[in-house]
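# Structure assessment
Listed below are the residues making up each chain.
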Number of protein chains: 2
Amino acid sequence: MSQFKTYWDEERETLAPEKRNQIILNRIQEQLHYVYNTLPFYKRIYDEHHFKPEDVKTLEDFTTKVPIITKKMLVEDQQKNPIYGSYAGDFKEEEIARIQGSSGTSGTPTFYQVSQEDWKRAADVHAMAQWCAGIRPDDVVQISFPFSLFFGGWGVIQGAERLGATVFPLGPVESEKQLELMNQIGSTVFSATPSYCMHLINKAKELGFNLKENTIKRLLVGGEAGGSLKGPKNLIANGWNASVHDCASASEMYPFQTNVECEAQQGVHVFNDEVYAEIVEKEDANSPVSMGEKGAIVYTHLWRKSQPMIRFWPGDESYMSEQRCSCGRTYPMLPEGVLGRLDDMIVVRGANIYPSAIENIVRKFSWSGPEYQVIVNKKGVMDEIKVIIEQNHLSIQEKLDPIGMKTEAEYHFKKQLGIRVQIDIHPQGTLPETIFKAKRVVDRRKEIIATK
Amino acid sequence: MSQFKTYWDEERETLAPEKRNQIILNRIQEQLHYVYNTLPFYKRIYDEHHFKPEDVKTLEDFTTKVPIITKKMLVEDQQKNPIYGSYAGDFKEEEIARIQGSSGTSGTPTFYQVSQEDWKRAADVHAMAQWCAGIRPDDVVQISFPFSLFFGGWGVIQGAERLGATVFPLGPVESEKQLELMNQIGSTVFSATPSYCMHLINKAKELGFNLKENTIKRLLVGGEAGGSLKGPKNLIANGWNASVHDCASASEMYPFQTNVECEAQQGVHVFNDEVYAEIVEKEDANSPVSMGEKGAIVYTHLWRKSQPMIRFWPGDESYMSEQRCSCGRTYPMLPEGVLGRLDDMIVVRGANIYPSAIENIVRKFSWSGPEYQVIVNKKGVMDEIKVIIEQNHLSIQEKLDPIGMKTEAEYHFKKQLGIRVQIDIHPQGTLPETIFKAKRVVDRRKEIIATK
């Protein structure tokens, strides 16, 4: 019997969904009035759509009537209304706690401003999320995310501090140091991207660390999709001998740990009374999809007043379930978390293929190594897809037959994706190693268009 | 009239020194009993010295009777008693807030463990320090120190968060980005090493940023000595058109901002009711020196229970004054902060020369650039000292006579240091740029010995 309580906030987390939905609706109505009356960005968009806050009388109204906002709209608005955009809110300097930013590697950086009140609330929400993932005051949380301009490690640290765990803010250091200090300190929780957790499994083998006997009990993963996909998740859990807890939404949605998997491991809980999440049709953000059906996820800040996001479209695909989790929390769930980014979708000969689907297949094979790459090309008018899979060290030692592997892989790809995929098998170490976020799809068709 | 209060903790900061000394003595006595009875490291050292806690009845007893501890002793003890040493204290995991470490570049890394109680107290002390330096809730604090294994930026962030300022945790990024975002965000406080502040003055000129018209009002400097030395300090203050506040003790002494310069700018206040500081003879740590006399500084944690340092010898030189500051704070002062590290002292032909003394001279010249280097060599049996000074861009444009500069420099070195120094003048950009902590002395005599 643990010395610690079961829930961070029992009343909130186990509330009857109907009661919670009433709270959510009230918050939505308040937020809609706030953004429409105070933030020129929303006023402009809502007026363009002839939408008025009072049009929302039910949760269904919210989904069907309120226009979405996208990252592109935020960037444009910040350019026209520097530095925080006309959706920032009119805060005095002393009311602001934090300024963070995005990298701007793919264009203009965006800036985030969090008020003191929103920042304090975020600490509590992050603590609730990490508590849900099983983190307790006697844990030592090793954080491999950077502490920098990007929100990266800040939410993790806020939550771990708030719940009273020991924070070990190592940040992104060489993998050897990451593993060595993990052992020395006896860290019990590791916070990283799923691809970095995968990478460390192999790095540990290479360096002679027995990861199965490490002190880590839980992996708190985020920063990219995949932490809830069965294939990679099982591989990571087995390699680390630890439970994997997928946890995150998007930087814009800070507090960003409002999706989190609990100890019962039946899917990702959605703290929808903090950040309301909807699943809608990919082509029409005002059309809800049925429970269990795949679609685009849309998020709404129910409490944040500084740069609140109302129906923000992160471009992620997911599906939702109302099945109850045995942990007792009454939140809806994302059974496989976020499946991947919609704009990562590859259309090959008319078939929609997600990199996550490919990863799920690659991770099934006993002989596959940590890295793989997807190359999409054109041969004449025909799209061609090739998957390079690394063969792991063990299968090389055991002299497994490469033709057998190739055949196995081709069979599974055809079966799962419905199309023929060319398989290349390379020895482990051929492809570049993933340290932070994996970039696994190379679409050469775009290069061909670009050079025309 | 400012909307904010004058002191963070008026009663504490303006207390009559005699009353404060009584509190200090009580704390010292409590800490001595605590470390002797609880921490094997201290028990062993004190027994070896036949010292008992009850021997301390006055502050003078403390200085004359209690043995010092050094970094070397801490490293050895951590090696024998991994991982936190036998001076760590018997804390349960849930009582620990933080684990930090040193880089270990010059040997074995050391690990720091801070209890929840000590960590909370540190936030308040760091806030008191930053408030003393004039930072208020309406400031935007841009931090260039890293957030990593090292204590670096963590104390700065703790204090700024606690007092309610806006934290902009940019960390160590390229200088251009540092300057660009400073302008965009409108940061009002910049936290960096003095040498990095110096570096940015020249980088700004190069990049066409008018640093004199920047939004920064205060520079909170630390991480190396020199923030209170008249020469470099004036140069930095003029270059930035901002006030320079020297602020820091040592990593071991976390909360490390217990030495800090206030807005009245009459010297560095020593919060000696938090970390007690003594100035003692360099050759005998149990011999106090008189007020105003130079010596080695020795620090004692009066409140910290996790890894408390009792008479820790950081190897820094300083002197103290009891003169009252016009700000009303009644703490003693270090009129020029920490002068430099004792082990950086160069003995040339029998003369003791500190790098800080050389810097003070170099910064006097109107024509000198940001970087300089000191090279110590042996010619036969004679020590030779050469100072390479960079000539700044302006003096090159104005075609100043290099022979005049050389003569001027030689004259001042002879006058200030009492020895003849060879001067080489190079154009700006010849020496490597200082980004974080400056390394300015190259002692070739050591290389000669090492290769023998």
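Located above this text is the structure these notes cover.
Presented here is an overview of the structure given in this document. If you're wondering where the values come from, they're calculated on a predicted model, not measured in any experiment. (Residues numbered from 1 in each chain as written. Chains lettered and ligands numbered in written order. Predicted model: local features only at pLDDT ≥ 70, side-chain atom pairs only at ≥ 80, totals over all residues. Heavy atoms only, no water.)

Taken together, the contact between chain A and chain B spans 35 residues of the former and 35 residues of the latter. Around 2800 Å² of area is buried between chain A and chain B when both sides are counted, 57% of it from carbon and sulfur atoms. Linking chain A with chain B are two salt bridges. The shortest N-O distance in the salt bridge between R98(A) and E161(B) comes to 3.1 Å. (Contact = heavy atoms within 4.5 Å. Buried area = accessible area lost by both parts, 1.4 Å probe. Salt bridge = Lys/Arg side-chain N within 4 Å of Asp/Glu carboxyl O.)

Our next topic: a negative patch on the surface. Residue and element names in this part refer to chain A. A surface patch of negative charge is lined by E281, E283, D284 and E293. Residue placement: D284 occurs in the loop between β11 (275-280) and β12 (295-301). When its relative accessible area of 30% is taken as the criterion, D284 is described as partly exposed. (Patch = residues over 30% accessible without salt bridge, like charges linked within 9 Å, V, L, I, M, F, W, Y side chains within 5 Å. Areas by Shrake-Rupley, 256 points an atom, 1.4 Å probe, with all protein chains shown as cover. Lys, Arg positive; Asp, Glu negative; His and termini not counted. Charge placed at Lys NZ, Arg CZ, Asp CG, Glu CD. Helix = DSSP H or I, 4+ residues; strand = E, 2+ residues; numbered from the N terminus. Buried < 20%, exposed > 50% of the residue type's maximum accessible area, 1.4 Å probe, protein only.)

Next up on the list: the nonpolar core. Judged by nonpolar contacts, the single largest core of 76 residues is most densely connected at V141(A), I143(A), W154(A), V141(B), I143(B) and W154(B). At the level of elements, β3 (111-115), α6 (116-132), β4 (140-143) and α7 (154-163) of chain A together with β3 (111-115), α6 (116-132), β4 (140-143) and α7 (154-163) of chain B are the ones that each hand at least two residues to this core. Beyond its immediate chain neighbours, meaning those up to four positions away, I143(A) contacts G153(A), V156(A), I157(A), V167(A), F168(A), P169(A), L170(A), G171(A) and S191(A). (Core = buried A, V, L, I, M, F, W, Y, C linked by side-chain atoms within 4.5 Å.)

This brings us to the sheet that holds strand β9 (residues 259-261) of chain A. Residues and elements named next belong to chain A. The strand order across the open sheet formed by three strands is β9-β10-β15, and the pairing between neighbours is antiparallel. Two strands close off the open sheet at either side, each with one partner strand: β9 and β15 (333-334). Where β9 lies against strand β10 (residues 268-270), three bridges are found, and the strand directions are antiparallel. The residue bridging N259 from the neighbouring strand is V270, located in β10. (Pairing = 2+ DSSP bridges.)

Moving on, we get to the relation of the copies chain A and chain B. In the superposition of chain A on chain B (RMSD 0.1 Å, axial shift 0.0 Å), the rotation amounts to 180 degrees. Such a combination of rotation and displacement between the chain copies is what one expects of a two-fold axis. No C-alpha of chain A approaches the rotation axis more nearly than that of F147(A), which lies at 2.9 Å. The fraction of interface residues of chain A whose copies in chain B are also interface residues reaches 100%, indicating that both copies meet through the same surface. (Least-squares fit on C-alpha atoms with pLDDT ≥ 70 in both.)

In this section: the packing of α6(B) against α7(B). Residue and element names in this part refer to chain B. At a closest axis distance of 7 Å, the pairing of α6 and α7 adopts a crossing angle of 80 degrees. It follows that α6 is roughly perpendicular to α7 by the angle criterion. Here W119, A122, A123, D124, H126, A127, Q130 and W131 of α6 lie close against α7, whose contacting residues are W154, G155, V156, Q158, G159, A160, R162 and L163. Across the contact of α6 with α7, the residue classes break down as nine nonpolar, five polar and two charged. (Axes fitted to C-alpha atoms, helices over the stretch in contact; angles between N-to-C directions. Parallel < 35°, antiparallel > 145°, perpendicular 65-115°, else oblique. Nonpolar A, V, L, I, M, F, W, Y, C, P; charged D, E, K, R; others polar.)

This part takes up α7(B). Residue and element names in this part refer to chain B. Most of α7 is tucked away, with eight of its ten residues classed as buried. Every buried residue belonging to α7 is among W154, G155, V156, I157, Q158, G159, A160 and L163, and all of these are buried. Trailing α7 by a residue or two, G164 shows a phi angle of about 90 degrees, which is positive.

This brings us to the environment of T166(A). Mapped onto the elements of the fold, T166(A) is located in strand β5 (residues 166-168). For T166(A), a relative accessible area of 0% gives the class buried. Put simply, T166(A) and F151(A) are 15 residues apart on the chain and 20 Å apart in space, counted from C-alpha to C-alpha. Those residues in contact with T166(A) that lie beyond four places of it in its chain are P137(A), D139(A), V140(A), V141(A), E93(B), I96(B), A97(B), R98(B) and I99(B). At 3.2 Å, the side chain of T166(A) and the backbone oxygen of E93(B) are in polar contact. (Polar contact = N/O pair within 3.5 Å; in protein donor to acceptor, adjacent residues only side chain to side chain.)

This part is about the state of the cysteines. Each disulfide consists of one covalent bond between the sulfur atoms belonging to two cysteines. Residues and elements named next belong to chain B. Evaluated as defined, the whole model comprises zero disulfides over all chains. C262 supplies the cysteine sulfur nearest to C132, a cysteine that is in no disulfide, at a spacing of 5.2 Å. Among the cysteines around C325, which has no disulfide bond, C327 carries the closest sulfur, lying 3.6 Å off. (Disulfide = S-S within 2.5 Å.)

It is worth spelling out the packing of helix α9 (residues 194-207) of chain A against helix α10 (residues 230-240) of chain A at this point. All names here are of chain A. Two elements in contact, α9 and α10, have axes separated by 10 Å at closest approach and are oriented at 45 degrees. On the basis of their axis angle, the class for α9 and α10 is oblique. In this structure, the crossing between α9 and α10 has a hand that is left-handed. Listed contacts from α10 to P194, C197, M198, L200 and I201 of α9 are P232, L235, I236, G239 and W240. (Left-handed = near helix turned anticlockwise from the far one by under 90°.)

All we've got here are geometric facts, nothing functional implied.
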